[in-house]
Amino acid sequence: MNGIAATLKTCLSIFRIKTAESLQYRMAGLAGATTSIFFALIEITVYTVFYKYSSNQNAGLAAGLSLRQAVSYVWLGQLLFLMQPNFIESDILGKINSGDIGVELCRPLDLYANWFARTASTRLSPLLWRGLPIIFFAVIMPPAYRLELPSSLSGMFCSLISTVSALLLCTSFGMLACSVRLGIAWGEGPTNIIMLAGSVLSGAYLPLQLWPGFLQGFLLFQPFAGYLDIPMRLYLGTMPPSDAFWAIGLQLAWALLFAAAGKAIMARKLRNIVIQGG
Amino acid sequence: MAQIELEQICKTFSISKRPEGRFSLLRGAFVRTRETVRALDSISFSIQEGELVGYIGPNGAGKSTTVKIMSGILTPDSGRCTIMGRTPWTERVAHVSGIGVVFGQRSQLWWDVPVNDSFSLLKDIYRISTRDYNRKLSELTQALDIGSLLKTPVRQLSLGQRMRCEIVAALLHSPRILFLDEPTIGLDAVSKLALRDFLKQENSKNAVTMILTTHDMDDIEALCSRVMVIGHGKLLYNGSLGSLKERYSKLRCIRATLEQYTAAFDVECSERIDVDANTWTVWFDPAKTAAHTMIERLAKALPLRDVIIEEQDIDKIIAAMYKEMCI
């Protein structure tokens, strides 16, 4: 138990130093925010057109998502999207490719725990410099484009917890991709495609509720709903707080599964790893 | 039992090769032949606590591979290795908490944050108590004179400054063994000398065992009581630097500056004489003739202005040795 506590403490330190490093890049964050806001506005316009002028104007409502909710979904989606692993963390990839992984292995620390902390920091830190301006902008928009308040206080609370679980889920999946990539020289394509699939299935491109009805059961239980869709439903109130318990449980279960798989793959690869470079 | 013991360590790598000849670039994209390279071929040695050992060999001889195996990050194909009673690769985490590693070509510091932050992270990673940490840090900071650098981001340090910080980072947890993989690469003369002094001090004061791989023979000459030479994955020499020199460079030379140019003529007991303008370089075997006898003979025959006795340049000895051993 003592060992686990000490490892956790070390991981927190790694998380801290990595976050301190990332938070230096203010301008990059602000520039990124501009992109996010631009895309959010376009998406909102497109949704408005579909909701108001389509031949079946009630389709969205029938799926349980009003236009106002869809607009809020877009804004928060832009925020939570930043947390998704769309690529392997560049630091780590660099270490794998150059052989600097050797330095990491000279530390009395489990490599998976070490990199998990790093990845978690990379997933979370854009939320500050890139995320805050998005939210600021979203709240001061004219009513038709504005981010709505949460449906209820308990819904907000559940959504926050679910967001933390989403961070763990995003990180553990990013780490799974990273473990697969370890010691392989076939480039980034395959891992990127796997991660992109996760992105699409998370609802970041189209809220999962607006997907075909027969897919809904699958969509809710597949792992990537936990990236973004579950915290969002809790925020918007399309999922009642009474369902939060199993929904968050589902997120954590997937996170645990990905972590176990990632750790097993990493352990196997480390046994016959080649450290590149002299 | 010795602190470090390697027995019959073997390691092979497989390397994919592109076929040669016509359209090799195109064919290489489809067919690839793999070739097995023996990086280490039955390496055995042992090192006692507190020794300072130089590990040399040409590029690609297997030096780094050995260091990687000893630091637990590579698993050999066969053989036994015991360091402080542990097998490095099976008990990696326990093993690495007792060793320090400096890779001259890699950095263990965080690039974009102040040096101090990297150090305090290491404090947490190695679970060093605050008291020990502060004591060791102030001791090292003083010895390597990096007090003014602690608040500077690593990216703004010069190579010499960074290398000093790297050494501190490797020693913060007071390891019993320190592996140095080309620590002086790219350093200027002053930094090199300072680094050598420090390593020597640390070795004698705290009895830290050090294994140094380098291509800088002056490093070896200044620091190491023992050298091991590796070539093509085989250990070719293991002993003192003195006997290595005796074996590969029996001759010594006298560099004599003359008042004016004098053409070469045979001097008794000289092995070879090179003349360059008004400088004579006379080679002789110190086992047969004493140096002062040689100088006497030269003084009688030549208008001497200045005389220097030199040993053969260590780089040349090593080059001759690599050539003789066909590596």
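Refer to the structure presented above.
Quick look at the interface of chain A and chain B
Here comes step 1: Across the contact, 34 residues belong to chain A and 29 residues belong to chain B.
Here comes step 2: Summed over both partners, the interface of chain A with chain B comes to about 2,700 Å²; 57% of that surface belongs to carbon and sulfur atoms.
Here comes step 3: Between Lys 9 of chain A and Asp 124 of chain B there is a salt bridge; the shortest N-O distance is 3.6 Å.
Here comes step 4: At the junction of chain A with chain B, the criterion picks out 14 residue pairs in polar contact (both at pLDDT 80 or more).
Here comes step 5: Put simply, the parts of the chain that give the side of chain A that touches chain B at least two residues each are helix H1 (2-22), helix H6 (101-105) and helix H7 (111-124) of chain A.

A look at the pattern of salt bridges
All names here are of chain A.
Here comes step 1: Per the counting criterion, the structure on display carries 27 salt bridges over all chains.
Here comes step 2: Measuring nitrogen to oxygen at the nearest pair gives 3.8 Å for the salt bridge that ties Glu 104 to Arg 118. Placement of the pair is Glu 104 in helix H6 and Arg 118 in helix H7, with a sequence separation of 14 residues.
Here comes step 3: The class for Glu 104 is buried, based on a relative accessible area of 8%.
Here comes step 4: Its relative accessible area of 4% is what places Arg 118 among the buried residues.

Observations concerning the environment of Pro 190 of chain A
Residue and element names in this part refer to chain A.
Here comes step 1: When you line up the elements, Pro 190 lands in helix H10 (residues 189-201).
Here comes step 2: Take Pro 190: its relative accessible area is 39%, and that puts it in the partly exposed class.
Here comes step 3: Considered as a pair, Pro 190 and Val 180 are 10 residues apart in the sequence and their alpha carbons are 9.9 Å apart.

Rules of the game
Think of each chain on its own: its residues are numbered from 1, step by step along the sequence as written. Whichever chain is written first is A, and whichever ligand is written first is 1; the rest continue in order. Only residues with pLDDT of 70 or above have their local features reported here, since the model is predicted, and side-chain atom pairs are shown and tallied only from 80 upward, although totals for entire chains, interfaces and linings are computed over all residues. Only heavy atoms go into the side-chain values, all of them from the structure, while hydrogens and water stay out. In this analysis, two residues are considered to be in contact whenever any of their non-hydrogen atoms come within 4.5 Å of each other. Note on definitions: buried area is the accessible-area loss of two parts on being combined, 1.4 Å probe, summed for both. Between Lys or Arg on one side and Asp or Glu on the other, a salt bridge is scored when a side-chain nitrogen of the former is within 4 Å of a carboxyl oxygen of the latter. For the purposes of these results, a polar contact is taken to be a pair of N or O atoms within 3.5 Å, where, inside protein, one atom must be able to donate a hydrogen and its partner to accept one; residues adjacent in sequence count only when each atom of the pair is a side-chain atom. Here a strand is any run of E in DSSP of at least two residues, a helix any run of H or I of at least four, and the numbering for each starts at the N terminus. A 1.4 Å probe rolled over the protein chains alone gives each residue an accessible area, and that area as a share of the maximum for its type sets the label: buried under 20%, exposed over 50%, partly exposed in between.

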